[in-house]
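Working through the structure, step by step
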Amino acid sequence: MNNISKNLIEIGFGEWLLEAVPPESLEQFDIARVTAVHKDSYTISNGEVDVLAELVGKLQFSASSPVDYPAVGDWVLANLYDDNSFGIIHEVLPRKSLLKRKTAGKKVDFQLIAANIDVAFIVQSLNENFNLRRLERYLVMVNESSIEPIVLLSKSDLLAAEDIADRVDEIQEIMPHLRVVTLSNENESGLDSVKEIMQPNQTYCLLGSSGVGKTTLLNIIGALDSPSS
């Protein structure tokens, strides 16, 4: 892809997005990806450095709802200043997916979770956290966002094989073609299957309630990717 650095491609920039960026914008702005959202600022990455950034005033004042603001995973046009130590976001580029959920209250509004996600790993543990109704809510949210869902059932070391099979059957009664992977952060069974799913230049997210092992899973996958492992 002409004019697009290898670093941007490695963090998910694709042909679908290049078609949406006018050539003159590539001359005027830097392309970056939002990696964190703070109260009044954002962290963006150009694939080489992470930069603290703020919204240009025009973008702030033209936003009519939370959906108009950048979310984690968004691609933006920005200017970087002071040796890439500070940035100004001028425009949010078109999204291919937007993961959001409705906020509580009578007014219909949304809380942004992430943008431009290819696959959502929905994590439930095989102990008392296992809840089909909660899983269904996650599946509705993910499917409405046109994101591929994959269910990860953690803590497989806590159940016998036949009990695990019963729970997988329960899930596939809801969605027969849904991919389900069982794993254990404790004995690392099933982690190779998760790694095999993950492909270069794709964006993944983890969804699930507290205590199901999301952070531990991220740390283990990160360790498996490190040069010393």
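The structure reproduced in this document is the subject of the present report. Every chain's residues receive numbers from 1 upward, in the order its sequence appears when written. Reporting in this predicted model follows two pLDDT cut-offs: at least 70 for local features of residues, and 80 or more for side-chain atom pairs to be given and counted; totals over whole chains, interfaces and linings ignore these cut-offs and use all residues. The basis for the side-chain values is all heavy atoms of the structure; hydrogens and waters are excluded.

Broken down by element type, the protein chain carries 8 helices and 11 strands. For the protein chain, the C-alpha atoms occupy an extent of roughly 60 × 50 × 30 Å along the three principal directions. Working definition: with a 1.4 Å probe on protein chains only, accessible area under 20% of the residue-type maximum means buried, over 50% means exposed, and in between means partly exposed. Burial statistics for the protein chain: of 229 residues in total, 43% are counted as buried. Contact criterion: two residues are considered in contact whenever any of their non-hydrogen atoms come within 4.5 Å of each other. Contacts spanning at least 24 positions in sequence make up 62% of the contacts within the protein chain whose residues lie at least 6 apart. When the accessible surface of the protein chain is split by element, carbon and sulfur atoms take 47% of a total near 12,700 Å². Working definition: helices are DSSP H or I runs of at least four residues, strands are E runs of at least two. Numbering for both runs from the N terminus. To be clear on the numbers: accessible area is Shrake-Rupley with a 1.4 Å probe, and residue cover counts the displayed protein chains and nothing else.

Right, let's talk about the layout of surface pockets for a bit. Lining residues are those with an atom within 4 Å of a point, where the points come from a 1 Å grid over the protein atoms alone and group into cavities, where a 1.4 Å probe fits but cannot get out, or pockets, open sets with protein on both sides within 12 Å along at least five of seven lines. Grid points are joined across faces, edges and corners, and a volume is the space filled by probe spheres set on the points. One number sums up the size of the largest pocket: a volume of about 750 Å³. M198, Q202, T203, Y204 and L218 are, among the 29 residues lining the largest pocket, the residues nearest its centre. Of all the elements in the fold, those that place two or more residues in the lining of the largest pocket are β1 (30–37), β7 (110–115), α7 (191–197), β11 (204–207) and α8 (214–225). Each residue gets one label: Ala, Val, Leu, Ile, Met, Phe, Trp, Tyr, Cys and Pro are nonpolar, Asp, Glu, Lys and Arg are charged, and the others, such as Gly, are polar. Considering only residue class, the lining of the largest pocket consists of 16 nonpolar, 9 polar and 4 charged. Empty space within the second largest pocket amounts to approximately 270 Å³. Among the elements of the structure, β6 (98–102) and α5 (132–144) are those that each provide at least two residues to the lining of the second largest pocket. Considering each element in turn, the lining of the second largest pocket owes the most residues, 6 residues, to α5. Tallied by class, the residues present in the lining of the second largest pocket amount to 4 nonpolar, 1 polar and 6 charged.

The rule for a salt bridge is simple: a side-chain nitrogen of Lys or Arg has to be within 4 Å of a carboxyl oxygen of Asp or Glu. In the structure shown here, the tally under the stated rule is 3 salt bridges. Across the pair R95 and D74 runs a salt bridge whose closest N-O atoms are separated by 2.8 Å. In this pair, R95 sits in the loop between β5 (86–92) and β6 while D74 sits in the loop between α4 (57–62) and β4 (75–81), placing the two residues 21 residues apart along the sequence. Using a relative accessible area of 25% as the deciding quantity, one classes R95 as partly exposed. D74 sits in the buried class, given a relative accessible area of 0%. E136 serves as the salt-bridge partner of R133, at 2.7 Å between the closest nitrogen and oxygen. Highlighted residues: R133 and E136, both in helix α5, separated by 3 residues, approximately one helical turn. A residue is classified by how much of its surface remains accessible, and R133, at 47% relative accessible area, is partly exposed.

Our next topic: the packing of aromatic side chains. Only rings of Phe, Tyr and Trp enter the pairing, Trp through its six-membered ring, and a pair is recorded when the two centres are within 6.5 Å. The plane angle decides the type: under 30 degrees is stacked, over 60 is edge-to-face, the rest tilted. Following the criterion strictly, the structure yields 2 aromatic pairs and no others. Aromatic side chains F121 and Y204 sit 5.6 Å apart centroid to centroid with 10° between the ring planes, which places their arrangement in the stacked category. With F121 in strand β8 (residues 119–125) and Y204 in strand β11, this residue pair connects regions lying 83 residues apart in the sequence. Classification of F121 as buried rests on a relative accessible area of 3%.

Further remarks concern the pairing of strand β3 (residues 50–55). Burial of the side chains of β3 is restricted to one face: V51, A53 and L55 are buried, whereas none of D50, L52 and E54 on the reverse face is. Here 4 bridges tie strand β2 (residues 42–45) to β3, and the two strands are oriented antiparallel to one another. Residue pairing for β3: S45 is matched across the bridge by D50. A pair of strands is labelled paired if DSSP reports no fewer than 2 bridges between them. Hairpin connection from β2 to β3: 4 residues lie between these consecutive antiparallel strands, with G47 at a positive phi of about 90°.

Moving on, we come to the sheet that holds β5. Here 5 strands make up a closed barrel; going around it, the order is β1-β2-β3-β5-β4 and the pairing mixed. Averaged over all adjacent pairs, the angle separating strand axes in this sheet is 50°, with direction ignored. One ladder, built from 6 bridges, connects β4 with β5; its direction is antiparallel. Bridging across to β5, L77 finds its partner in E91. To get an axis, a line is fitted to the C-alpha atoms, and for a helix only the part in contact is used. The angle between two axes follows their N-to-C directions and goes from 0 to 180 degrees.

In short, shape yes, function no, at least from these values alone.
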